[in-house]
Structures are given as structure tokens and as C-alpha cells.
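# A closer look at the structure
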Amino acid sequence: MRPARCAPWFAVAILPLLAGGCAYSFNPSALPSHVKTLQIPTLGNQTLEPTLSQELTDALTQRFISDNTLQVIAKDADAVLEGEIVEYQNRVFGIGSDSVADQYLVLIKVKMRLRDRVKNRDLWSEEAMEGRASYGVGGEQAGQTVASEEEARNVAIRQVVDAAISLTVEGW
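Starting from 1, residues in each chain are numbered consecutively following that chain's sequence as written. Owing to the predicted nature of the model, reporting of local features is limited to residues with pLDDT of at least 70; listing and counting of side-chain atom pairs is limited to 80 or more, with chain, interface and lining totals taken over all residues. Computation of side-chain values covers all heavy atoms of the structure but excludes hydrogens and water.

Pairing between strand β4 (residues 79-95) and strand β5 (residues 101-116): 15 bridges, direction antiparallel. Looking at the pairing, Arg91 lines up with Leu105 of β5. Two strands pair if DSSP finds at least two bridges between them. Elements are defined by DSSP. Helices are runs of H or I of four residues or more, strands are runs of E of two residues or more, and each kind is numbered from the N terminus. Here β4 folds back onto β5 in antiparallel fashion, the turn holding 5 residues, of which Ser99 has a positive phi close to 60°. As defined by bridge partners, β5 adjoins strand β6 (residues 121-136) across 13 bridges and the pair is classed as antiparallel. Across the sheet, residue Val106 finds its bridge partner in β6, namely Ala133. Connecting β5 to the next strand, β6, in antiparallel fashion are 4 residues, including Asn120 with a positive phi near 55°.

Looking now at the side chain of Thr37. With respect to the helices and strands, Thr37 occurs in strand β1 (residues 37-39). Pairs of N or O atoms are called polar contacts if they sit within 3.5 Å, as long as, within protein, a hydrogen donor faces a hydrogen acceptor (for residues adjacent in sequence, only side-chain-to-side-chain pairs). One polar contact links the side chain of Thr37 to the main-chain amide nitrogen of Asp78, over a distance of 2.8 Å. In this description, contact between two residues means that some pair of their heavy atoms is separated by no more than 4.5 Å. Apart from residues lying up to four places away in sequence, Thr37 is in contact with Leu70, Gln71, Ile73, Ala77, Asp78 and Ala79.

Further remarks concern helix α2 (residues 52-67). One less than the number of residues in a helix, times 1.5 Å, gives the span that helix is expected to have. Taking 1.5 Å per residue, 16 residues should reach 22 Å; α2 reaches 22 Å between its end C-alpha atoms and fits that length. Partly exposed describes any residue whose relative accessible area lies between the buried limit of under 20% and the exposed limit of over 50%, with all areas from a 1.4 Å probe on protein chains only and scaled to the type maximum. Taken residue by residue, α2 has Leu52, Ser53, Leu56, Thr57, Leu60, Thr61 and Phe64 as its buried positions. One side of α2 carries all its buried residues, which in axial view fall inside an arc of 160°. In α2, the exposed residues that point more than 90 degrees away from the buried face are Gln62 and Ser66. On the buried face of α2, the contacting elements are β1, β2 (44-45), β3 (71-72), β4, β5 and α3 (149-170). Downstream of α2 by a residue or two, Asn68 has a phi angle that is positive, lying close to 65°. Directions from the helix axis toward the C-beta atoms define the arc.

Spatial relationships are all this shows, so hold off on functional conclusions.
Structure (C-alpha cells):
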């Protein structure tokens, strides 16, 4: 039996394809290399919820600190995360068999952007980042894991914070 002659040619043909795959590298951050520090000033608030601005700012700050991709500092940072809460709703979401509201939806909408101060440009900008969660009243609801407006509000805040982290660190 004669060894197959196509084996060397096959190896030569496939080698560039394999080598081309080696050129790919994963970038764990969507940030430009010069952005190392972040400032998070208190968000503006167009709602009638006076503490919401500080709650959301604190949640963003703590999450960026724990993420550790950027060093959070008070001023003169490479980038600034600016935003304004444009809407807060706590509205009826479900009516029970007795025609009384038994489920509510908390909705938070935030206009936010990450500004590169070094290059003087936006790294990302969102007109309506949204967090939402429903909660039930008057007894346990099927599939309901949030029991109060405060808990639903915290879930909605976490969703907005998660979106900001994703856009900043992952670029999506």
C-alpha cells in the first residue's frame, strides 16, 4: 500500500486557516486603553422620588468599585458617567378576581452616557435605560418573588446598573 500523497498538501492548505484563527484575541474591556479612572456624579432626577437619585448613584458607584475595571474617583477622572432619571412609575399591573389591584409594576427610566474626558467624546449614550419589576399585594402571587414596592425598586435599580456595567465593560 502506498501512503496518501494528499496529506502534506492538506496540511499546507489548512495551516493558514488555523494560524488565522490564532490572531483573534479577546478584549475583556470595551474601554480605550487610556481610560483608567471613572467619576460618577450624583444623577439628576426629574421624578417626584427624592431619594431615587442618590440610591441609583450609590448603586452605580458600588458596582463599578466591585467590578474593578475602572478606579472610581471623586474628580478629574479619565471618564465620567453622567445621567438623569427621567421617569419613575409604580402602576397597577394586575387586577385580582375581586376587581382590586393586586399586582404593581415599578419602572425606572434613565438617560445616561459615559463621556471620555481625555478624547472629549461619548463612549456610549443611552436615552432610555430601563429597569422594571413587578410585585404583588394582599397575599402571595403565583410566581411572584418581589413582595413590596421597595424590593421592586431595588430590582429595577439593579437592572439599570447592570446595563451601565455591560455597556462600559463589555461594550453591549
